[in-house]
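Descriptive structure summary
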Amino acid sequence: MVSRAYTVAFQGVDARIVEVQCAVTAGLPGFSIVGLANKAVSEARDRVRTALSALAIALPSKRITVNLSPADLPKEGSHFDLPIALALLSALDILPDDITQNVVALGELSLDGTLMPVVGALPAAMAAAAEDRSLLCPAGSGAEAAWVGKTQVIAAANLGDVVRHYTGQVPIAPAEPGEVPLALAGRDLREVKGQERAKRALEIAAAGRHHLMLVGTPGSGKSMLAARLPGILPPLTAGEALETSMIHSLAGLLDEGGISRSRPFREPHHTASMAAIIGGGRQARPGEASLAHNGVLFMDEFPEFNRTVLETLRQPIETGEVMIARANAHVKYPCRFMLVAAANPCKCGYLPDPARACARVPACGEDYLGRISGPLMDRFDLRVDVPPVSYSDLNLPANGETSAEVAARVAAARALQSTRYAPHDGISANADAAGDLLETVVSPDAEARALLLRAAERFSLSARGYHRVMRVARTIADLAGEPEVRRPHMAEAISFRLPDPAAGHCSNRRGPQGSAAPRASGSETAARHAAGHGAPANWPTRPLRADGPPIGGCHRAGFRCHLR
């Protein structure tokens, strides 16, 4: 007679049902496991044998064969211990066969029969619910599995409790969903002195889930600003928390007895490999991009990352998912994250400061930021210069807005977007809108559209850049609580769409008819220079010195260009 139990095998965030078949037959005593099992699964026979001995259950002197079906599906992980034990207990007539066939089980057995927590309890519960079966898992995994809510979850502490539960001696109460309390924001935006433009960009990025690029000298506050981004982001919705926790469950990051409503904030080191960022490895595990799903992926020292690693981000940014190809399978992970990158303007870091810049200015800036390709830079919605803060500003008391005040505006803007995109599956923020839907939700007035067209022609925006400006303008209007995108909203969105700093140049390199532009007097302002670029009248500007070398190759009127 063949007894059966059920478990799952993981392919990305998908859990496929696996039938565990056990037959005890006459023949030479032995215990074999077949069905494309890896080393961890094959070793289950020794753990199961010893755990049963701890319960005073002796295996018969017969041939025990366990088959994991389908046989062509790779089986990996120690969570196969518990279903193998259940199938064997059913074959020994200790547990009823009809009970083991109505349960999806997963759990690792210690030698004394204790059930150890395993990864993947949350997607396993979803697979059990789809099969109309209950889930049996270790006590440490029950709180996260119970979040599914569509199936009964039995969380047992050891194998003896499992036997007593299914034989009716000591029933186990179904597990209750657990939730990790929201962490109190320890870093407040009010602590950041100055950098009002960068703070505004941070607010816009958080409100619309836009990608943000921060470029500035060392110590100007780029990392400090990014570290305060989680404090202004709204908590995860129930659906988003479930999606994110499924990935974290597979990665073994849910170790606090439940799932969290805090948005993930991942900050990998710049020496991280492609498998660490995108995902992969021997078991095709999720990478930092997927672990940041519905949250923030902060990449400090952006140009220092391996060029191949940076280029692999281009497709996930557009599609919101990562496909890891293997010879025997293709694994897909979701990765709809907000990318925040920080970079110095050059290798030495002091390109804008003539007194501290190296002798290779401006070529050092072109070479350094040139490591970021044009197509990748084009995917950033907001590009912000983060200048150094003056010493006088550092001595002033903190008097800016708190993170709570900014978070309230961000939450209101996100609420508008949730209502707007409710009829559209897979879209929750302005950054996701595309095609006809984008034209419908933005619909700028005549003045705003004319300004956008003029800026697109002057700066030679790509089609992607054109649409990204529209999305940012829609977010700015949402923050203002206005239903229509007007000229001020579009002007601010364009002001954050700086030409590609990786190119190291602006388009105004020469004067009329290709002649060298005349040197300007020191009284000329950045506003006049911006007008030469076709910028709006209310374009945010700062005074620029006419003496000293031009920055970024901009020779227009001899000024150092902040529109690079």
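Residues numbered from 1 in each chain as written. Predicted model: local features only at pLDDT ≥ 70, side-chain atom pairs only at ≥ 80, totals over all residues. Heavy atoms only, no water.

Details of the overall build of the protein chain
Along the protein chain, the regular secondary structure elements total 23 helices and 20 strands. The buried share of the protein chain, taken over its 564 residues, is 51%. Taking as baseline every contact in the protein chain between residues at least 6 positions apart, the subset at least 24 positions apart corresponds to 73%. (Helix = DSSP H or I, 4+ residues; strand = E, 2+ residues; numbered from the N terminus. Buried < 20%, exposed > 50% of the residue type's maximum accessible area, 1.4 Å probe, protein only. Contact = heavy atoms within 4.5 Å.)

A short note on the sheet that holds strand S19 (residues 338–343)
Read across the sheet, five strands follow the order S13-S16-S19-S11-S20 without closing on themselves; strand pairing throughout is parallel. Two strands lie at the open edges of the sheet, namely strand S13 (265–266) and strand S20 (382–386), each paired on one side alone. Pairing of S13 with strand S16 (residues 296–299), which is carried by two bridges, proceeds in the parallel orientation. Note that in S16 the partner of Phe265 across the bridge is Val296. (Pairing = 2+ DSSP bridges.)

What to know about the packing of helix H8 (residues 196–208) against helix H21 (residues 463–480)
Contact geometry for H8 and H21: axes closest at 9 Å, N-to-C directions at 95°. With respect to each other, H8 and H21 are oriented roughly perpendicular. Across the interface between the two elements, Arg200, Glu203, Ile204, Ala207 and Gly208 of H8 pack against Val472, Thr475, Ile476 and Leu479 of H21. (Axes fitted to C-alpha atoms, helices over the stretch in contact; angles between N-to-C directions. Parallel < 35°, antiparallel > 145°, perpendicular 65-115°, else oblique.)

Some words on helix H10 (residues 238–250)
Taking 1.5 Å per residue, 13 residues should reach 18 Å; H10 reaches 19 Å between its end C-alpha atoms and fits that length. Those residues of H10 lying buried are Glu240, Ala241, Thr244, Ser245, Met246, Ile247, His248, Ser249 and Leu250. Immediately downstream of H10, the backbone of Gly252 shows phi near 75°, a positive value. (Expected span 1.5 Å × (residues − 1).)

Describing helix H19 (residues 435–442)
Two residues of an α-helix separated by three or four positions point the same way, owing to the 3.6 residues in each turn. Among the residues making up H19, those that are buried are Leu437, Leu438, Val441 and Val442. Projected down its long axis, H19 shows its buried positions confined to an angular sector of 115°, all on one face. Facing away from the buried surface of H19 by more than 90 degrees, the exposed residues are Asp436 and Thr440. Taken together, the buried residues of H19 touch helix H18 (403–420) and H21. (Arc of directions from axis to C-beta.)

Some words on the environment of Val441
With respect to the element layout, Val441 can be found in helix H19. Apart from the residues within four sequence positions on either side, Val441 is in contact with Arg420, Tyr421, Ala433 and Arg474.

A short note on unusual backbone geometry
Following Ser69, the chain continues into Pro70 via a peptide bond in cis, with omega recorded as 5°. Its place among the elements puts Pro70 in the loop between strand S4 (63–69) and helix H3 (81–91). Pro362 follows Val361 through a cis peptide bond whose omega is -5°. Inspection of the secondary structure puts Pro362 in the loop between S19 and helix H15 (363–369). A positive phi angle, close to 55°, is found at Gln195, a residue other than glycine. Within the secondary structure, Gln195 is located in the loop between strand S10 (179–180) and H8. Unusually for a residue other than glycine, Glu301 sits at a positive phi of about 55°. Looking at the element boundaries, Glu301 is found in the loop between S16 and helix H13 (307–311).

What to know about the nonpolar core
Ranked by internal contacts, the top residues of the largest apolar core, which has 59 residues, are Leu135, Met213, Met299, Phe302, Leu313 and Phe337. In terms of nonpolar packing, the next biggest core, distinct from the first, is built from 55 residues, Ala207, Leu229, Ile427 and Ala477 among them. (Core = buried A, V, L, I, M, F, W, Y, C linked by side-chain atoms within 4.5 Å.)

Quick notes on the pairing of strand S11 (residues 212–216)
Across the five residues of S11, five count as buried, placing the element largely inside the fold. Burial along S11 is two-sided: the residues Leu212, Leu214 and Gly216 and Met213 and Val215 are all buried. Where S11 lies against S19, four bridges are found, and the strand directions are parallel. Bridge assignment links Leu212 to a residue of S19, and that residue is Val340. Inspection of the sheet shows S11 paired to S20 by five bridges, in the parallel sense.

What to know about the packing of aromatic side chains
Inspection of every chain in the model, using the stated rule, returns two aromatic pairs. Seen from their ring centres, Phe265 and Phe298 are 6.1 Å apart, and the 25° between their planes marks the pair as stacked. In this pair, Phe265 is assigned in strand S13 and Phe298 in strand S16, connecting sequence segments 33 residues apart. For Phe265, a relative accessible area of 23% puts it in the partly exposed group. With centroids separated by 5.8 Å and ring planes inclined at 85°, the aromatic side chains of Phe302 and Phe380 adopt a geometry described as edge-to-face. Of the two residues, Phe302 is situated in the loop between S16 and H13 and Phe380 in the loop between helix H16 (374–377) and S20; the sequence distance between them amounts to 78 residues. For the pair shown, Phe302 and Phe380 are each scored as buried. Here the basic side chain of Arg356 rests over the ring of Tyr350, its NZ or CZ set 3.9 Å away from the ring centre. (Phe/Tyr/Trp six-rings, centres within 6.5 Å; stacked < 30°, edge-to-face > 60°. Lys NZ or Arg CZ within 6 Å of the ring centre and 35° of its normal.)

Points about the state of the cysteines
On inspection of all chains with the given rule, the structure shows zero disulfides. In this structure Cys346 is a free cysteine whose sulfur lies 3.3 Å from that of Cys348, the closest cysteine sulfur available. Cys346 sits in the buried class, given a relative accessible area of 0%. (Disulfide = S-S within 2.5 Å.)

Let's talk about the packing of H3 against helix H7 (residues 159–166)
One can describe the packing of H3 onto H7 by two numbers: an axis separation of 12 Å at closest approach and a directional angle of 45°. Classified by the angle between their axes, H3 and H7 sit oblique to one another. Of the two elements, H3 crosses H7, and the hand of that crossing is right-handed. In this structure, H3 uses Leu82, Ala85, Leu86 and Leu89 to contact H7, whose residues at the interface are Leu159, Val162 and Val163. For the contact of H3 with H7, a count of residues per class yields seven nonpolar, no polar and no charged. (Left-handed = near helix turned anticlockwise from the far one by under 90°. Nonpolar A, V, L, I, M, F, W, Y, C, P; charged D, E, K, R; others polar.)

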